[in-house]
Amino acid sequence: MLVRLLYASRAVDTSPAAIEAILTQSRQHNPGCGITGILCYGGGVFLQAIEGGRSAVNELYGHIQRDPRHQNVELLHYEEIAERRFGGWTMGQVNLSKINHSILLKYSEKPELDPYAVSGKVSFALLEELMATASIIGRA
């Protein structure tokens, strides 16, 4: 049973080293658990999609909720899926400070990442567009 979970959180530490530590940990841990996904960050906000087996995804989300590097963790969307959308990434990344702000403006009131202010469906559409425009890096 495959599922996709989309959540938002705020970074406690927004330094590049802290972001890189989260990505490194994800890339080391996720393949063994069958987890794939992408992480967007900008303005101190994370938007992450994780895919995999139901138990593995739920266990990882529980860990994220308890992780002191994240605050205001909020579930945006959860669904059973027939196939992975982000299967090529153990944890791809998007640095929103390096993309065209018109992409963000297309999906929100202001050209900034604020998944707390939009539906999970809209946040997922943003991720799809970022993937279509080759804005995701860190393929592994």
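Residues numbered from 1 in each chain as written. Predicted model: local features only at pLDDT ≥ 70, side-chain atom pairs only at ≥ 80, totals over all residues. Heavy atoms only, no water.

J.: Requested: an account of the pairing of strand 3 (residues 45-53), with residues and values cited.
T.: For strand 3, the buried fraction is high: eight of the nine residues fall into the buried class. Note: strand 1 (residues 2-11) against strand 3, nine bridges, orientation antiparallel. Looking at strand 3, one finds that Leu6 is bridged to Ala49. In textbook terms, the turn of a hairpin is the stretch between consecutive antiparallel strands, and for strand 2 (residues 36-42) and strand 3 this stretch comprises two residues, one of which, Gly43, has a positive phi near 60 degrees. (Buried < 20%, exposed > 50% of the residue type's maximum accessible area, 1.4 Å probe, protein only. Helix = DSSP H or I, 4+ residues; strand = E, 2+ residues; numbered from the N terminus. Pairing = 2+ DSSP bridges.)

J.: So what's going on with the pattern of salt bridges? Residues and values would help.
T.: Scanning the entire structure with this criterion turns up six salt bridges. A salt bridge links Arg4 to Glu51, with the shortest nitrogen-to-oxygen separation between them at 2.8 Å. Here Arg4 is found in strand 1, whereas its partner Glu51 is found in strand 3, with 47 residues between them in sequence. For Glu79, the salt bridge identified is with Arg4, shortest N-O distance 2.8 Å. Placement of the pair is Glu79 in strand 4 (residues 70-81) and Arg4 in strand 1, with a sequence separation of 75 residues. (Salt bridge = Lys/Arg side-chain N within 4 Å of Asp/Glu carboxyl O.)

J.: Can you explain the environment of Ala8? Please cite residues and give values.
T.: With respect to the helices, strands and loops of the structure, Ala8 is situated in strand 1. Counting along the chain gives 30 residues from Ala8 to Ile38, while the straight-line C-alpha distance between them is 12 Å. Apart from residues lying up to four places away in sequence, Ala8 is in contact with Phe46, Asn72, Val73, Glu74, Leu76, Pro115 and Tyr116. (Contact = heavy atoms within 4.5 Å.)

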